[in-house]
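Now for the letters of each chain:
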Amino acid sequence: MPQSVEQHIAAITDRIKDFVRFLDREEVTPVLAELREMFARELRATEGFASHERELHDRIRHESDYEQLRAIHDELNVLEMERFLAISSVSALHANCTEYRDILADRAIILAEDEMEHDGRGRAPCPYALCSMGSDGREEQTLITDQDYLIVYGDGGGEAADEWFREFSELIVERLAQIGFKKCTGDIMPSNPTWRGSLSQWRRKLLAIVRYEYEDYAKNLMDLIVISDARHVAGDRNLAETLTATIRALEKDYFQVLWGMAKAATEMKLALGFLKRLWTEGSGEHKGEFNLKLLAWAPLVMNVRILAINQGVPATNTVKRIEHLAREGSFSPAFAHGLVEAYEVLTRHRILLQIKVIKGIQKSSYYLNPYTLPAEEREAIRQALLRIEDLQRTIHTNFSIM
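Residues numbered from 1 in each chain as written. Predicted model: local features only at pLDDT ≥ 70, side-chain atom pairs only at ≥ 80, totals over all residues. Heavy atoms only, no water.

1. As for the overall build of the protein
Phase 1: Broken down by element type, the protein carries 14 helices and six strands.
Phase 2: The long-range fraction of contacts in the protein, counting pairs at least 24 apart against all pairs at least 6 apart in sequence, stands at 73%.
Phase 3: For the protein, the exposed area adds up to about 19,000 Å²; of that, 52% sits on carbon and sulfur atoms. (Helix = DSSP H or I, 4+ residues; strand = E, 2+ residues; numbered from the N terminus. Contact = heavy atoms within 4.5 Å. Areas by Shrake-Rupley, 256 points an atom, 1.4 Å probe, with all protein chains shown as cover.)

Laid out in structure tokens, this is it:
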């Protein structure tokens, strides 16, 4: 059974347990019967989607035409959107989007290296790995994606290796764009020399950042935040894991850098206004709306990341980080449950905004008008923001931020 199906079953089971404990004994049997039927319908739908998805995954692994790979990618995106509308599982969508985009990226790497050889530039002169960052690095892919990748390669190849990987990186960025991975507007791609290098070159870059050897502190702090979620996608796994271990060790060893990240995280604004009501913009194009990503979702992800790095949590996924922090005592079970619930509420609305953009209903996938939602949904969002505010206070105290 695919992992996403198991996650969905576990989520439904938890919801049933939470619900039936409030019922009288005579109410339990008919309610459980109805829930079992609902569960069976959702499971049948999920298995049907999974079968089609496996077929498309197999096609990717054997396809050599970039336009066909783009068509398969588009088909998988539509399939995932339909599945989400059917079962509304955030964890399933994350798992599935991340999985098929990893398979696509791996295929693009193979084809690009073949293309380099065919054009007379030879095979890779040393082992290398493609790592993802951002939402992809956290295994939190959604329906709209762009490229957030870096390349690391083995030492000892000298200038010849640097030149080969420069050409290869430029090619892979173009090929990924061709199969549906938009180019990153922030240029977080291996075609940018900031995001590629040999292992020793990466170590020097990272040391320069944590020792404040670069002038642009804000940019380098942001680069370090981005790279904190790095995850192996394709190529040599040992190289990727050596790099990610180096990143996490430096972040812990140079506490002033982590403190700076924590300060930035605790100062992120939330969409909370007077008397802790939902805040929305009072004028302009987005009057009556707020930026769901910047004023809700991103502060949650950012603050969880800070605690996870400080506690040496190896996971990059936000929910897994929360669960790990609860197990090792940083969060109470109730607080951890509230944070997971907050993440799912906010992410579900982000995905629904993306669906509206895909369907041409609205232009922005960031701005949400909470007053178009039922009262209970507005309250769920407000409660999510209050939990994030509590998390910010926790980090503010733990890091002695004045």
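2. Let's talk about the pairing of strand S1 (residues 128–132)
Phase 1: Counting buried residues along S1, five of its five residues qualify, which places the element largely inside the surrounding structure.
Phase 2: Burial along S1 is two-sided: the residues Tyr 128, Leu 130 and Ser 132 and Ala 129 and Cys 131 are all buried.
Phase 3: Here S1 pairs with strand S2 (residues 149–153) via five bridges, running antiparallel. When the bridges of S2 are listed, Ala 129 appears paired with Val 152.
Phase 4: Of the strand pairs in this sheet, S1 and strand S4 (residues 231–235) are connected by four bridges, and their pairing is antiparallel. Residue pairing in the sheet places Ala 129 in a bridge with Gly 235 of S4. (Buried < 20%, exposed > 50% of the residue type's maximum accessible area, 1.4 Å probe, protein only. Pairing = 2+ DSSP bridges.)

3. Examining the sheet that holds S2
Phase 1: Strand order in this open sheet of four strands is S3-S2-S1-S4, and the pairing throughout is mixed. Edge strands, defined here as strands with exactly one partner in the open sheet, are strand S3 (196–198) and S4. Each neighbouring strand pair of the sheet contributes to a mean axis angle of 25°, computed without reference to strand direction.
Phase 2: Across three bridges, S2 lies against S3 in parallel orientation. Bridged to Val 152 within S3 is Gly 197.
Phase 3: Sheet strands touched by helix H6 (residues 158–178): S1, S2 and S3. Its angle to S2, the strand with the most contacts, is close to 155°.
Phase 4: Across the face of the sheet, helix H9 (residues 237–253) comes into contact with S1, S2 and S4 while running at roughly 110° to S2. (Axes fitted to C-alpha atoms, helices over the stretch in contact; angles between N-to-C directions.)

4. Describing the packing of helix H7 (residues 199–210) against H9
Phase 1: Interaxial distance between H7 and H9 falls to 11 Å at its minimum, and their mutual angle equals 15°. Relative to H9, H7 is oriented roughly parallel. Here H7 and H9 pass one another in a crossing that is right-handed. Residues Leu 199, Trp 202, Arg 203, Leu 206, Leu 207 and Val 210 of H7 form the contact with H9, whose participating residues are Leu 239, Thr 242, Leu 243, Thr 246, Ile 247 and Leu 250. (Parallel < 35°, antiparallel > 145°, perpendicular 65-115°, else oblique. Left-handed = near helix turned anticlockwise from the far one by under 90°.)

5. A look at the layout of surface pockets
Phase 1: Quantified by volume, the second largest pocket comes out at close to 1,100 Å³.
Phase 2: Ranked by residues supplied to the lining of the second largest pocket, first place goes to helix H11 (residues 292–310) with seven residues.
Phase 3: Of the residues in the lining of the second largest pocket, the class split is 19 nonpolar, 11 polar and 11 charged. (1 Å grid on protein atoms, 1.4 Å probe; cavity = no way out; pocket = protein on both sides within 12 Å on 5 of 7 lines; lining within 4 Å. Points joined across faces, edges and corners; volume = space filled by probe spheres on them. Nonpolar A, V, L, I, M, F, W, Y, C, P; charged D, E, K, R; others polar.)

6. Topic: the environment of Tyr 66
Phase 1: Note that Tyr 66 resides in helix H3 (residues 66–87).
Phase 2: Along the chain, Tyr 66 and Ala 108 lie 42 residues apart, while their C-alpha atoms are 8.3 Å from each other.
Phase 3: When residues no more than four places from it in sequence are discounted, the contact partners of Tyr 66 are Ala 108, Leu 111, Ala 112, Glu 115, Arg 175, Gln 178 and Ile 179.
Phase 4: Polar contacts involving the side chain of Tyr 66 include one to the side chain of Glu 115, which spans 3.5 Å. (Polar contact = N/O pair within 3.5 Å; in protein donor to acceptor, adjacent residues only side chain to side chain.)

7. With respect to helix H12 (residues 318–327)
Phase 1: Listed in full, the buried residues belonging to H12 are Thr 318, Val 319, Arg 321, Ile 322 and Leu 325. When H12 is viewed along its axis, its buried side chains cluster within an angular range of 160° and face the same direction.
Phase 2: Contacts from the buried residues of H12 go to H11 and helix H13 (333–358).
Phase 3: Positioned one or two residues after H12, Gly 329 has a phi angle of 95°, which is positive. (Arc of directions from axis to C-beta.)

8. Concerning H7
Phase 1: Taking 1.5 Å per residue, 12 residues should reach 16 Å; H7 reaches 17 Å between its end C-alpha atoms and fits that length.
Phase 2: Buried residues of H7: Leu 199, Trp 202, Lys 205, Leu 206, Ala 208, Ile 209 and Val 210, and no others.
Phase 3: Trailing H7 by a residue or two, Tyr 212 shows a phi angle of about 60°, which is positive. (Expected span 1.5 Å × (residues − 1).)

9. Let's talk about unusual backbone geometry
Phase 1: The backbone of Tyr 212 shows a phi angle near 60°, a positive value even though the residue is not glycine.
Phase 2: Here Tyr 212 shows up in the loop between H7 and helix H8 (217–227).
Phase 3: One non-glycine residue, Ser 400, lies in positive phi territory at about 50°.
Phase 4: Considering the arrangement of structural elements, one finds Ser 400 in the segment after helix H14 (375–398).
Phase 5: Residue class for Ser 400 comes out exposed when judged on its relative accessible area of 51%.

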